[in-house]
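What the coordinates show
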Amino acid sequence: MNSSKIFIVGANGQLGTALRLNYPNARSADISELDITNRDSVDNFDWSNIDIIINAAAFTNVDGAEADEGRVAAWNVNAVAVANLARVARENDMTVVHVSSDYVFDGTKGPHLETESFSPLSVYGASKAAGDIALSLVEKHYILRTTWVIGEGKNFVRTMIRLAEKGISPTVVADQIGRLTFTSELVRAIDYLLTARSPYGTYNVTNDGPLASWAE
């Protein structure tokens, strides 16, 4: 695959960092060049010679999304920005890979299937579901729904390690169940879908292993 034809959105985040390692010739832009939440910025960006957009950008502060400012930011990044990318992808016949979340479901069913109806319980989950709907309007799209992403950068596991090194034993919620998913595995899945030219659509992707709570 010619990675110079790939554009990575959110290239400095955990997943974006892993994607840049896998696609060293891929293009990206900082917010001064491209603000995906701004329609004019997206429409006026030079998308020539780009075949694939991989959207690794997201507002992921689940609790913060319930606050006034966080609610606006979550909808802007997780929904409005995705709609902007979807529009430019349709206009330029590009493929879009978008990373979503299991928070688009209420967790009452298991295992979650790609065909399950949306049932978000939070602002974060609702904003991600809206992004999924917007992206599904692009003919050439891959939506990867995942859980608890861990990679290079700030994440729950690194926070716990840092606290342990300081001798701190924090109280951690035990009523949220999921599975850690490493960025390397997500990149492997993305690369497989693109290289194999898999059918466009939605794929649920996590690492393997038993489910666990954050406390466990």
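To start, this report covers the structure provided alongside it.

Cut-offs used in this document
- Residues numbered from 1 in each chain as written.
- Predicted model: local features only at pLDDT ≥ 70, side-chain atom pairs only at ≥ 80, totals over all residues.
- Heavy atoms only, no water.
- Buried < 20%, exposed > 50% of the residue type's maximum accessible area, 1.4 Å probe, protein only.
- Helix = DSSP H or I, 4+ residues; strand = E, 2+ residues; numbered from the N terminus.
- Pairing = 2+ DSSP bridges.
- Right-handed = clockwise from strand over helix to strand, strands pointing away.
- Axes fitted to C-alpha atoms, helices over the stretch in contact; angles between N-to-C directions.
- Core = buried A, V, L, I, M, F, W, Y, C linked by side-chain atoms within 4.5 Å.
- Expected span 1.5 Å × (residues − 1).
- Contact = heavy atoms within 4.5 Å.

Notes on the pairing of strand S3 (residues 95–101)
Most of S3 sits inside the fold, with seven of its seven residues counted as buried. Residues of S3 alternate between two faces, with Thr95, Val97, Val99 and Ser101 on one and Val96, His98 and Ser100 on the opposite face, all of them buried. Of the strand pairs in this sheet, strand S2 (residues 52–55) and S3 are connected by four bridges, and their pairing is parallel. Pairing of isoleucine 54 across the sheet is with valine 97, part of S3. In the classification by handedness, the crossover that spans S2, the intervening helix H3 (residues 68–92) and the parallel S3 is right-handed. Taking the sense of rotation as the criterion, the β-α-β connection linking S3, helix H4 (residues 123–135) and strand S4 (residues 141–146) turns out right-handed.

What about the sheet that holds S2?
The strand order across the open sheet built from five strands is S1-S2-S3-S4-S8, with neighbouring strands paired in parallel fashion. Edge positions in the sheet fall to strand S1 (6–9) and strand S8 (201–204), since each has one partner strand and no second. The average undirected angle you get between the axes of adjacent strands in this sheet is 20°.

A look at the nonpolar core
Leu19, Tyr23, Ile54, Val97, Leu144, Ile190 and Leu194 are the most contacted members of the largest nonpolar core, which totals 22 residues. Put simply, the parts of the chain that give this core at least two residues each are S1, helix H1 (14–22), S2, S3, S4 and helix H6 (183–195). The greatest single-element share of this core, amounting to six residues, is contributed by H6. Counting residues in hydrophobic clusters, the runner-up holds 21 residues, among them Phe7, Val82, Met94 and Val138.

Examining H4
Between the first and last C-alpha of H4 there are 18 Å, a value that for 13 residues agrees with the 18 Å anticipated at 1.5 Å per step. Buried within H4 we find Val123, Tyr124, Gly125, Ser127, Lys128, Ala129, Gly131, Asp132, Ala134 and Leu135. In this structure, the buried side of H4 is in contact with H3, S3 and S4.

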